[in-house]
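# Structural characterization, general
So the chains spell out like this:
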Amino acid sequence: MGNFEASNIRVQDLDHSGIIAGICDEMRLVEQIDKRLGTHPQEIISPGQVVKAMILNGLGFVSAPLYLFEKFFVGKATEHLLGAGIRPEHLNDDRLGRILDKLAESGLTETFVTVALSAARQFGVKLDSLHLDSSSFHVDGEYLQTQEPIVEPGAIHITHGYSRDHRPDLKQFIVDLMCSGDGDIPLYLRVGDGNETDSAMFGQLVKEFKQQWDIDALFVADAALYTTGNLAQMSQLRWVSRVPATLTAAKQLLKEIDSSALVAGSLPGYKIAACGNSYAGIQQRWLVVESQARLESDLKQLDKRVAQKLIAATSALKQLSSQQFACQPDALQAATTFSDQLPYHQLDRLQVVEIIEYPKRGRPRKEEVGQKHYQISATLIPQPHALDVEIQRAGRFILATNVLDEQVLSDEDVLTQYKAQQSTERGFRFLKDPLFFTSSIFLNTPQRVAAMAMVMGLCLLVYSLGQRSLRQALDNAKQTVENQVGKSTTKPTLRWMFQCFMSIHLLTVDGAQHVTNLTTERLWILQFFGAPCRKYYLLS
């Protein structure tokens, strides 16, 4: 190497970016975005390439906010990853903002679903079941809204609403997400107003999704889906939902069902009892499910609740006992009202004590008349049957489905599908990771915030597809890689694989390219990724 002049040598960071770029290529991301947004012959970098750059930034797992977007690519193998002639200065704030505006104009949900469904077919993702959920994302800044109705495409109301992040002080927007049961692949994303409620939107979303993209899937959601209006809208679709425990019929069933009706199946830790129901005039199957893990958790929580209520009731009784009443009936009425409000306890040894007070201290004279009042004296004891209902309901919940034929969807399949609802929850956890660029969004218009939320969804799509295909390749080859603690696994996280690729560089010497630091371990991992990924590490 000593014969080469320094000016002929260039070292650029590649790290795990080649894997991300390869997955984007395999799903034809750039072509799909360019087709939706259009290209111009004079532009150096197309809309699709800008979106690919945003995904490289988003999955870079660096805590770099978007205003450092251009700096993120300084020192990186930008041309190698994005295309000939593309340099970091081409990825400036103005270009980024313009592409976010174009994405908003294109219809964010339509663009996302077009890319996602195309990618799902390319990667062979099964579309048998789709899991729907929503979450809130908070933003910094005022985002003042006018009273005029929103007419700009892609615009949303960033406002206060119910915060899943427990940050009611911050304004927010809502993201609705549908993920496949196969590999947790996000297939649908919608950005909504910050004060939207799930129950008002879910039925409409599912119906529109089915109409527009004609996928014959089983739709799975939490209790927010289970409303009279939503069920009516989804009469022609197949669905599974948790039944809200607040419904009168649900309360009655959980209270009355006998433990002997619950039968253990092949799913360890669960018992199921099936019964028919026609809530909202729709024939459906209700399943009472008892989870052993949830039972233990619920009983512990119940013990805590009872202890807290006892502390509060003891303090309140002390105050009540010091209160003075003009007559005995008033004292008894106050004691009865107090006792009726106690959820788990009742008054015992209740007495109304007559107390006479004299104006002067010492023994009163015979003719002296005292001031008479009444006070109560009592202790607290547990109500004998107060906990019975809660103990009976502990660990239990109700699932509903309109698929009546058990040959088509067995009771255990219903439970399995509902348990897979965690796929969307995992997606939201990923998007809210502090290393991801969503922890604090501060773009200058609601449209751009919404567009960036869609790009966040594309990052999740790329990540999920990469992780699913890696695990499939390992499973098919009956091979393993090492996880964080050095143990063999067929199910590594893609994040750990990314960390294994730190300090890989693209070395260019007199125009010839080489990739450095490709250790035996890294070469072993790369063989389980597709050819588009290996290409970026100059492997055939």
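All figures in this text were calculated on a predicted structure; none of them were measured in a lab. (Residues numbered from 1 in each chain as written. Predicted model: local features only at pLDDT ≥ 70, side-chain atom pairs only at ≥ 80, totals over all residues. Heavy atoms only, no water.)

Time to look at the overall build of the protein chain. Helices and strands together make up the secondary structure of the protein chain, namely 19 helices and 16 strands. In the protein chain, once contacts between residues fewer than 6 apart in sequence are set aside, the share between residues at least 24 apart is 69%. In the form shown here, the protein chain has an accessible surface area of approximately 26700 Å², with 50% of it arising from carbon and sulfur atoms. (Helix = DSSP H or I, 4+ residues; strand = E, 2+ residues; numbered from the N terminus. Contact = heavy atoms within 4.5 Å. Areas by Shrake-Rupley, 256 points an atom, 1.4 Å probe, with all protein chains shown as cover.)

For the protein chain, per-residue confidence averages 87 on the pLDDT scale, and 88% of positions sit at 70 or higher. In the model, residues 146-151 has pLDDT below 50 throughout and makes four contacts with residues more than four positions away in sequence or in other chains. Note that residues 437-442 has pLDDT below 50 and, in this model, 22 contacts with residues that lie over four places away or in other chains. (pLDDT = per-residue confidence, 0-100.)

Once that is clear, we can look at helix α10 (residues 248-256). Within α10 the residues assigned to the buried category are Ala250, Leu253 and Leu254. End-on, the buried residues of α10 take up no more than an arc of 95 degrees, which puts them together on one face. Exposed and facing more than 90 degrees away from the buried side of α10 are Thr248 and Glu256. On its buried face, α10 sits against β8 (270-277), β9 (284-291), α13 (388-393) and β12 (396-401). (Buried < 20%, exposed > 50% of the residue type's maximum accessible area, 1.4 Å probe, protein only. Arc of directions from axis to C-beta.)

Looking at the secondary structure, you find leucine 225 in the loop between β5 (218-221) and α9 (228-233). The residues contacting leucine 225, other than those within four sequence positions of it, are Phe202, Gly203, Asn230, Leu231, Met234, Val240 and Ser241.

We now examine unusual backbone geometry. Glycine aside, residues mostly have negative phi, and peptide bonds are mostly found in the trans state. In the Ramachandran plot, aspartate 510 falls in the positive-phi region, its phi being about 50 degrees despite a non-glycine side chain. Its location among the elements puts aspartate 510 in the loop between β15 (505-509) and β16 (512-516).

Pairing is antiparallel in the open sheet, where three strands are placed in the order β1-β15-β16. Edge positions in the sheet fall to β1 (9-13) and β16, since each of these pairs with one other strand and no more. The mean angle between the axes of side-by-side strands here comes to 20 degrees, regardless of whether they run parallel or antiparallel. Pairing of β1 with β15 involves five bridges; the strand directions are antiparallel. By the bridge assignment for β15, arginine 10 is matched with threonine 508. (Pairing = 2+ DSSP bridges. Axes fitted to C-alpha atoms, helices over the stretch in contact; angles between N-to-C directions.)

General note: in soluble globular proteins, nonpolar side chains tend to be found buried as a group. With 121 residues, the main nonpolar core has Met27, Met54, Ile55 and Leu103 as its most contacted residues. Examining the composition of this core, we find that 17 residues originate from one element, helix α16 (residues 446-477), more than from any other. (Core = buried A, V, L, I, M, F, W, Y, C linked by side-chain atoms within 4.5 Å.)

Next up on the list: the state of the cysteines. Applying the stated criterion to the full structure yields zero disulfides. Left without a disulfide partner, cysteine 24 is nearest to the cysteine sulfur of cysteine 459, which lies 8.3 Å away. (Disulfide = S-S within 2.5 Å.)

This part is about the side chain of aspartate 222. Tracing the backbone through its elements, the reader meets aspartate 222 in the loop between β5 and α9. On the accessibility criterion, aspartate 222 (18% relative accessible area) is buried. Engagement of the side chain of aspartate 222 in a polar contact is seen with the side chain of tyrosine 418, the distance being 3.1 Å. Look past the residues within four positions of aspartate 222 in its chain and what remains in contact with it is Leu132, Ser241, Arg242, Tyr418 and Gln421. (Polar contact = N/O pair within 3.5 Å; in protein donor to acceptor, adjacent residues only side chain to side chain.)

Aromatic rings in a pair are described by how distant their centres are and how their planes are angled relative to each other. Under the counting rule described, the total for this entry stands at 10 aromatic pairs. Where tyrosine 226 meets tryptophan 286, the ring centres are 6.4 Å apart and the plane angle is 65 degrees; that geometry is what we call edge-to-face. Of the two residues, tyrosine 226 is situated in the loop between β5 and α9 and tryptophan 286 in strand β9; the sequence distance between them amounts to 60 residues. With relative accessibility at 0%, the residue tryptophan 286 sits in the buried group. (Phe/Tyr/Trp six-rings, centres within 6.5 Å; stacked < 30°, edge-to-face > 60°.)

In this section: α16. For α16, spanning 32 residues, the distance from its first C-alpha to its last is 47 Å, which sits close to the expected 46 Å at 1.5 Å a residue. The element α16 is extensively covered by neighbouring structure, given that 25 of its 32 residues are classed as buried. Downstream of α16 by one or two residues, lysine 478 has phi in the positive range, about 55 degrees. (Expected span 1.5 Å × (residues − 1).)

Turning our attention to the pattern of salt bridges. Here the structure, examined in full by the defined rule, presents 15 salt bridges. Residue arginine 87 is joined to glutamate 89 by a salt bridge in which the shortest nitrogen-to-oxygen separation is 2.7 Å. A salt bridge links glutamate 390 to arginine 305; its shortest N-O distance comes to 2.7 Å. Of the two residues, glutamate 390 sits in helix α13 while arginine 305 sits in helix α11 (residues 292-321), which places them 85 residues apart along the sequence. (Salt bridge = Lys/Arg side-chain N within 4 Å of Asp/Glu carboxyl O.)

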